[in-house]
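Geometric and topological summary
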Amino acid sequence: MTAVAPAPVRPDGSRQWSRTLLGWLEWLAHPVLAGLAFAVLCVGVVTWLPALAATAHALRAWRTDGETRTFTGVFRAFGTYLRPLLPHAVASTAGLALLVVDVVFLTGRTGPAAVVLVLLALGLLLVAVPYHLALAVVAGAHPEGSARGWVGDALWFAFGSVARGTALLGAVVATPVFSLVVPAGPLLLSASVPVLVGLVILDQTVAPDATVTPDRTDPTEDA
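Residues numbered from 1 in each chain as written. Predicted model: local features only at pLDDT ≥ 70, side-chain atom pairs only at ≥ 80, totals over all residues. Heavy atoms only, no water.

Before going further, it helps to spend a moment on the overall build of the chain. Scanning the chain from terminus to terminus reveals 8 helices and 0 strands. Ordered by position in the sequence, the α and β elements of the chain form the string α-α-α-α-α-α-α-α. Every one of the 223 residues in the chain was classed for burial, and the buried ones make up 36%. Summarising the internal contacts of the chain: among those between residues at least 6 apart in sequence, 70% fall at separations of at least 24. Per element, the accessible surface of the chain, about 12,700 Å² overall, is 70% carbon and sulfur. (Helix = DSSP H or I, 4+ residues; strand = E, 2+ residues; numbered from the N terminus. Buried < 20%, exposed > 50% of the residue type's maximum accessible area, 1.4 Å probe, protein only. Contact = heavy atoms within 4.5 Å. Areas by Shrake-Rupley, 256 points an atom, 1.4 Å probe, with all protein chains shown as cover.)

Each pocket or cavity is described by its volume, and for the largest pocket that value is around 410 Å³. Surrounding the largest pocket, 18 residues form its lining, F38, W48, L52, V172 and S190 being those nearest its centre. Here the lining of the largest pocket takes 5 residues from helix α4 (residues 112–141), the largest share from any one element. Of the residues assigned to the lining of the largest pocket, the class counts are 16 nonpolar, 2 polar and no charged. (1 Å grid on protein atoms, 1.4 Å probe; cavity = no way out; pocket = protein on both sides within 12 Å on 5 of 7 lines; lining within 4 Å. Points joined across faces, edges and corners; volume = space filled by probe spheres on them. Nonpolar A, V, L, I, M, F, W, Y, C, P; charged D, E, K, R; others polar.)

This part takes up the nonpolar core. In a soluble, globular protein the nonpolar side chains are often hidden away together inside. By size, the foremost hydrophobic cluster in this structure holds 41 residues, and its most contacted members are Y81, L85 and F157. For this core, the secondary structure elements donating two or more residues are α1 (13–41), α2 (48–65), α3 (70–107), α4, α5 (147–159) and α8 (192–205). With residues up to four places along the chain from it excluded, the contact list for Y81 reads P50, A53, A54, H57, L86, A139, G140, P143 and W150. (Core = buried A, V, L, I, M, F, W, Y, C linked by side-chain atoms within 4.5 Å.)

As a further point, take the packing of α2 against α4. Contact geometry for α2 and α4: axes closest at 7 Å, N-to-C directions at 50°. On the basis of the axis angle, α2 is oblique to α4. Two packed elements cross with a definite hand, and for α2 against α4 that hand is right-handed. Between α2 and α4, the residues in contact are W48, L49, L52, A53, A56, H57 and R60 and H132, L135, A136, V137, A139, G140 and A141, respectively. Of the residues contributing to the contact of α2 with α4, the split by class is 10 nonpolar, 3 polar and 1 charged. (Axes fitted to C-alpha atoms, helices over the stretch in contact; angles between N-to-C directions. Parallel < 35°, antiparallel > 145°, perpendicular 65-115°, else oblique. Left-handed = near helix turned anticlockwise from the far one by under 90°.)

This is how it looks when you write it as C-alpha cells:
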C-alpha cells in the first residue's frame, strides 16, 4: 500500500490578518495613551518639556522592553525629568511666547526692518522645534544623564545632520495633519508620534549600547 503524504497545512488567512491588525492597533494605541498622559501633564503649562521627555521614556520602554503600561509609564517617568528640565521649560516657554507675540505684532507692519525681524523670529521658531524634540528624545533615552549633558546631546542630535533635523521638524509639522483621521488625533498624537519618530532615528544613529555623548559620531557617516 502506498502511503499518502499528509496535505500541507496552510496558514489560516483570517488569523494572519487578525495578528496584522492587532499589530497595527498596538502601534496606534500606545502613542495615543502616551499622548493622553502628555496632555494631562501639560495642564501645568510649563511642564510640557518634562512631560515630553517622560513620553519619550515610556515609548522607548515599550519599543525596547515590551513595557505595555505606556499611560502610567509617562507619569512614573515624569518625576525623573521635572526637576532637571523645569528651569529649561520655563525659559523656553517664555522665549517661545515672546517670539509668537513678535511675529503677530510685526505681521501687520510694513518696511524692510519688519520683514527681516519676522523672518528672524520664524527662523528661531523653526530651530526651536527640532531642538526641543531632540532634547526630549535624548533625555527619554538616557534618564541617567544630566540636564547639561542632554542639552549638548540634543544640539548634536538635532543639528549635527541636516537629514536628522529635517526629519524631526517634518514629523512635528506633518503629524497634526495626518492624525486628523483619528478622533482627537492632533491632541493625542501631535507629541507622541514625533517623539516616536525621534526614537527610531536615535536608534539608527547611535550604537545600541552607547550613549550619544562619548564620540558624537554617526555610524552612517562612515559608510
